[in-house]
Amino acid sequence: MSAAEPLASPRLVVVPAAGFGAAAADLVAQTLAARGDAVLGLPTGNTPIPLYQELLRRAAAGEANLSRARVAMLDEYLDAGTVSFRGWLEDHFLRAAGVGPERLLAMPSRPENIAAACVHYEEQLAAWGGCDLQLLGLGHNGHIGFNEPGSEADSRTRVVRLSEQTRRANEEYWPGREIPARGVTTGLALLLAARRILLLVRGEDKAAILERTLRGPISSAVPASFLRRAADVWVVADEAAAGRL
Ligand code: PGA
């Protein structure tokens, strides 16, 4: 693919850092207003924390209704134990939001029959009608979910080997714990099929990769660049992350 490929839709919202959670929450609220039982694809990581806090604040204040929202996990460690994205998401959002197992599509993580479990995950999401709003963080290497560089746009939900950079970055979430070598991720094909995508990017350390994502060649070298081919993509970036655009 070349840099000359026409750009699709990404709509860029740049906000001061203090307004990041509210700007992202406004887009989630839009989706929930259109459909109370919308399927939200949710990531873990530092980036979405202000969004989750703002959504919980709005829900507590009666300004947002999460009571029917459904959640599909984006990725997980293979053989997740005490270190698990499901646990992280429960601690940071799901429990307080009242999203129980019946409204959660968890990413499989047991190694036994994992390929079949990945197919089942995609079938379950299809049975829910697909994803209304897929939220994503952006890895320093351009990954989305655990779709590391080299992942193709037609990739399916699958087991992947994590890059050293990703494992090191993940140590921040679980200081002192061993980060598994492999993960399970929603494939790019499924991510790109979401009715709307919201890429969340915070901090100066993400400025270079956001520039490559939006302005560089569309290529598996930067998996996030494939987002430019999706129909309805929003990027919410704080001023530091948008500094090179
Ligand atoms: P972060 O992770 O939100 O902790 O920066 C994003 C990612 O690597 O996908």
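Worth saying up front: this structure is predicted, and the values here are computed from it rather than measured.

Caption draft 1: Representation of the sheet that holds strand 8 (residues 182-185) within the structure. Ordered by their spatial adjacency, three strands build an open sheet running 4-8-7, and the pairing between neighbours is antiparallel. Sheet topology places strand 4 (75-77) and strand 7 (158-161) at the edges, where each strand pairs with a single neighbour. Taken pair by pair, the neighbouring strands of this sheet meet at an average axis angle of 30°, ignoring direction. Relative to strand 8, strand 7 runs antiparallel, the two sharing four bridges. Residue pairing across strands places Val 160 opposite Gly 183, the latter belonging to strand 8.

Caption draft 2: Looking closely at the side chain of Thr 166. Of note, Thr 166 is situated in helix 5 (residues 164-170). On the accessibility criterion, Thr 166 (3% relative accessible area) is buried. Engagement of the side chain of Thr 166 in a polar contact is seen with the side chain of Glu 148, the distance being 2.7 Å. Excluding anything up to four places from it in sequence, Thr 166 contacts Asn 141, His 143, Phe 146 and Glu 148.

Caption draft 3: Highlighting the sheet that holds strand 5 (residues 104-105). Read from one edge of the open sheet, seven strands run 1-10-9-6-2-3-5, paired in parallel fashion. Every interior strand has two partners, whereas the edge strands, strand 1 (11-15) and strand 5, have only one. Note that strand 6 (residues 133-136) and strand 9 (residues 196-201) share four bridges and pair parallel. Directly across from Leu 135, in strand 9, lies its bridge partner Leu 198.

Cut-offs and rules
Residues numbered from 1 in each chain as written. Predicted model: local features only at pLDDT ≥ 70, side-chain atom pairs only at ≥ 80, totals over all residues. Heavy atoms only, no water. Pairing = 2+ DSSP bridges. Helix = DSSP H or I, 4+ residues; strand = E, 2+ residues; numbered from the N terminus. Axes fitted to C-alpha atoms, helices over the stretch in contact; angles between N-to-C directions. Buried < 20%, exposed > 50% of the residue type's maximum accessible area, 1.4 Å probe, protein only. Polar contact = N/O pair within 3.5 Å; in protein donor to acceptor, adjacent residues only side chain to side chain. Contact = heavy atoms within 4.5 Å.

The values are spatial; any link to function lies outside them.
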